[in-house]
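Report on the structure
Next come the chains, spelled out residue by residue.
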Amino acid sequence: MNVSEKSSIERQALLLANSFRYRSTFQVILESLIYGSIAVVAFIGNLLVLYIVYKTPRLRNVSGLFVASLALSDIGMATFGAPPSLASLIKGHWFSTFEACQFQGFVVITTVAASLQTMALMSVDRYFRVVHPLNHRIFFTMSRARLMSASVWILAMMYPVPYLVCGRKYIFHPGKFFCFHEVKMSFESCVIYICICISLGTLSFCYYNVFKHLRLNRNRVKNLRKEFSSRHENERRASSEDIKMTKTLFATVLGYLICWTPVLIIDFVDMASDGWSLSREVYVMYTDIGLISSSLNPIIYGALNRTFRREYNKIFCFKRLSRQTENSLCQQTNSLALAKL
């Protein structure tokens, strides 16, 4: 029985490896371009997020610190996790050493855990900020927020340890084209899924209560705004900014869930079948959408947050270009009018 199961798993791995190695040139180029483009967007976008948080005084707060921590995890994935996979995608096999494979597996688990736990920490911050603002001032000071962020990263780096300490190794998955845990499942290899469940439970609880609180108090807030005098203008602005930041951070969580739900479904299917039972195209989609989740946040910040949008405009000179275009059009219009005269 065990022999037949082992041979079945080996046959599945061999089929995936052959399918990976003997792709057409067009397929190699297409898959490499897609994955490489996503990695570049993730790296540059999150690097811009770090730069904006650093140079913008308004973002040098607890929320900005957590946003920077999340950007670091995405940069880690794009910098250390993606390049070996891209090289393997081009070559059709794992191109590097056994140690490099172990390092990539460690980085992937660590950065995924850091992202999830940072988002959970963000949701707790939003929960106290909106629902219990007085307690938020006590618990979420900048010094404590730095300690929380550091703790998240330390804990994230501990998740791969039980798997490696038990003598298990990361192996190259020819379908997902990165180093993943062994086919045989165990408690040590399921630690990351436990992290996902805990983080998702925290996110659900916090954001449910946050939006419930906002909905119940919407009418009351409108009435209070009418009664506020001009000396309360700053308080009104701060409250509005808190709500906008909450919606922005919730959008990042929603984007993350949209990307990672199919990833989890594929992993659970493999766990249930005790092997790599799906087609290579499904596994390629698995890895691509997992990396897409690392590139979404800078786009969401630019779309929903006015501060980030303004800084993006400055960096890419969008306003300057639009003004130059308007000036050139005005000059052309004036010259045509003078010509007619």
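Quick notes on the rules
- In every chain, residue numbers begin from 1 and rise along the written sequence.
- Whole-chain, interface and lining totals are the exception, using all residues; otherwise, since this is a predicted model, local features are given only for residues with pLDDT of at least 70 and side-chain atom pairs are given and counted only at 80 or more.
- As a convention, hydrogens and water are excluded, and side-chain values are obtained from all of the structure's heavy atoms.
- In this text, helices come from DSSP runs of H or I with a minimum length of four residues, and strands from runs of E with a minimum of two, each type numbered from the N-terminal end.
- Burial here depends on accessible area, computed with a 1.4 Å probe over protein chains only, as a share of the maximum for the residue type. Under 20% is buried, over 50% is exposed, and the range in between is partly exposed.
- Note on contacts: a residue pair qualifies if any of its non-hydrogen atoms lie within 4.5 Å across the two residues.
- The method behind every accessible area is Shrake-Rupley, applied with a 1.4 Å probe, and residues are considered shielded solely by the protein chains displayed.
- The way it works is a 1 Å grid over only the protein atoms, where trapped points that fit a 1.4 Å probe form a cavity and open points with protein on both sides within 12 Å along at least five of seven lines form a pocket, and then any residue with an atom within 4 Å of a point lines it.
- Grid points are joined across faces, edges and corners, and a volume is the space filled by probe spheres set on the points.
- The classification used treats Ala, Val, Leu, Ile, Met, Phe, Trp, Tyr, Cys and Pro as nonpolar, Asp, Glu, Lys and Arg as charged, and all other residues, Gly among them, as polar.
- In this analysis, rings of Phe, Tyr and Trp, with Trp reduced to its six-membered ring, are considered paired at centre separations within 6.5 Å, and the interplanar angle assigns stacked below 30 degrees, edge-to-face beyond 60, and tilted for intermediate values.
- Whether a charge sits over a ring depends on NZ of Lys or CZ of Arg being within 6 Å of the ring centre and within 35 degrees of the ring normal.
- Throughout, nonpolar core names a set of buried Ala, Val, Leu, Ile, Met, Phe, Trp, Tyr and Cys residues whose side chains join them through atoms within 4.5 Å.
- By the criterion applied in these results, polar contacts are pairs of N or O atoms within 3.5 Å in which, for protein atoms, one can donate a hydrogen and the other can accept it, and in which residues neighboring in sequence qualify only through two side-chain atoms.
- The working definition used for a salt bridge is a side-chain nitrogen of Lys or Arg within 4 Å of a carboxyl oxygen of Asp or Glu.
- Here the axes come from fitting lines to C-alpha atoms, over the contacting stretch only for helices, and the angles between their N-to-C directions go from 0 to 180 degrees.
- An angle below 35 degrees is treated as roughly parallel, one above 145 as roughly antiparallel, one from 65 to 115 as roughly perpendicular, and anything else as oblique.
- What a helix should span is 1.5 Å times the count of its residues minus one.
- An arc is given here, and it is the one of the directions from the helix axis to the C-beta atoms.
- What pLDDT expresses is the predictor's confidence in each residue, scored from 0 to 100.
- Note on bend: the value at a residue is the angle between axes fitted to the seven residues ending there and to the seven starting there.

Check the secondary structure of the protein and you find 13 helices and two strands. For the protein, buried positions account for 44% of its 341 residues. Relative to all contacts within the protein whose residues are 6 or more apart in sequence, the contacts with residues 24 or more apart total 77%. Accessible surface computed for the protein: about 18,600 Å², of which carbon and sulfur atoms make up 66%.

A separate point is empty space enclosed by the protein. Tallied over the entire structure, the rule returns three cavities of 30 Å³ or more. By volume, the largest cavity is sized at about 370 Å³. Elements supplying a minimum of two residues to the lining of the largest cavity: α3 (62-91), α4 (98-130), β2 (178-180), α8 (191-216), α10 (233-273) and α11 (280-304). Among the residues forming the lining of the largest cavity, the class breakdown is 17 nonpolar, 11 polar and two charged.

With respect to the helices and strands, Leu 249 occurs in helix α10. Using a relative accessible area of 1% as the deciding quantity, one classes Leu 249 as buried.

The final tally for this structure, using the stated rule, is 19 aromatic pairs. Here Phe 178 and Tyr 286 contribute two aromatic rings whose centre-to-centre distance is 6.5 Å and whose plane-to-plane angle is 15°, an arrangement assigned as stacked. Note that Phe 178 is positioned in strand β2 and Tyr 286 in helix α11, a separation of 108 residues in sequence. By the burial criterion, Phe 178 is buried, and Tyr 286 matches it. Looking at Arg 60, its charged tip hangs above the ring of Tyr 54, at a distance of 6.0 Å from the centre. Sitting over the face of the ring of Tyr 286, Lys 176 holds its NZ or CZ atom 4.1 Å from the ring centroid.

Moving on: the nonpolar core. Counting residues in hydrophobic clusters, the biggest one holds 76 residues, and the most contacted among them are Val 49, Val 67, Val 112 and Phe 308. The element best represented in this core is α4, accounting for 13 residues.

Along the chain, the position of Asn 209 falls in helix α8. A polar contact is formed between the side chain of Asn 209 and the backbone oxygen of Phe 205, at a distance of 2.6 Å. Setting aside chain neighbours within four positions, we find Asn 209 in contact with Tyr 127 and Val 131.

This next bit is on the pattern of salt bridges. The tally for this structure, following the rule as stated, stands at seven salt bridges. Between Arg 168 and Glu 182 there is a salt bridge, with its nearest N and O atoms 3.0 Å apart. Linking Arg 168 in the loop between α7 (161-165) and β1 (171-173) with Glu 182 in the loop between β2 and α8, this pair joins segments that are 14 residues apart in sequence. The exposure class of Arg 168 is buried, given its relative accessible area of 13%. Since its relative accessible area comes to 23%, Glu 182 is described here as partly exposed. One salt-bridge network, held together by shared partners, links Arg 23, Glu 31 and Arg 280.

Next up on the list: the packing of α11 against helix α12 (residues 306-316). Relative orientation and spacing of two packed helices are given, respectively, by the angle between their axes and the distance between those axes. Look at α11 against α12: their axes get within 5 Å of each other, and the N-to-C directions meet at 100°. Our classification of the angle between α11 and α12 gives roughly perpendicular. Contacts between α11 and α12 pair Pro 298, Tyr 301, Gly 302, Ala 303 and Leu 304 from the former with Arg 306, Phe 308, Arg 309 and Tyr 312 from the latter. Classifying every residue of the contact of α11 with α12 gives six nonpolar, one polar and two charged.

Our focus in this paragraph is helix α6 (residues 142-158). Between its first and last C-alpha, α6 extends 25 Å over 17 residues, near the 24 Å set by a 1.5 Å rise per residue. All of the buried residues along α6 are Ala 145, Ser 149, Val 152 and Ala 156. The buried residues of α6 occupy one face: seen down the axis, they fall within an arc of 55°. Exposed side chains of α6 directed beyond 90 degrees from the buried face belong to Ser 143, Leu 147 and Ile 154. The elements touched by buried residues of α6 are α3 and α4.

The subject of this paragraph is the confidence of the model for the protein. Here the protein averages 82 in pLDDT, and 83% of its residues register 70 or above. Confidence over residues 228-238 falls short of pLDDT 50; this stretch has three contacts with residues more than four positions distant or in other chains.

Let us now look at α11. For α11, built from 25 residues, the straight-helix expectation of 36 Å at 1.5 Å per residue is met to within 8% by its first-to-last C-alpha distance of 36 Å. When the local axis directions of α11 are compared, the greatest deviation, roughly 35°, occurs at Ser 295, which is followed within four positions by the proline Pro 298.

Tracing the sequence through the fold places Val 161 in helix α7. Residues Val 161 and Val 191, spaced 30 residues apart in sequence, show a C-alpha to C-alpha distance of 9.8 Å.

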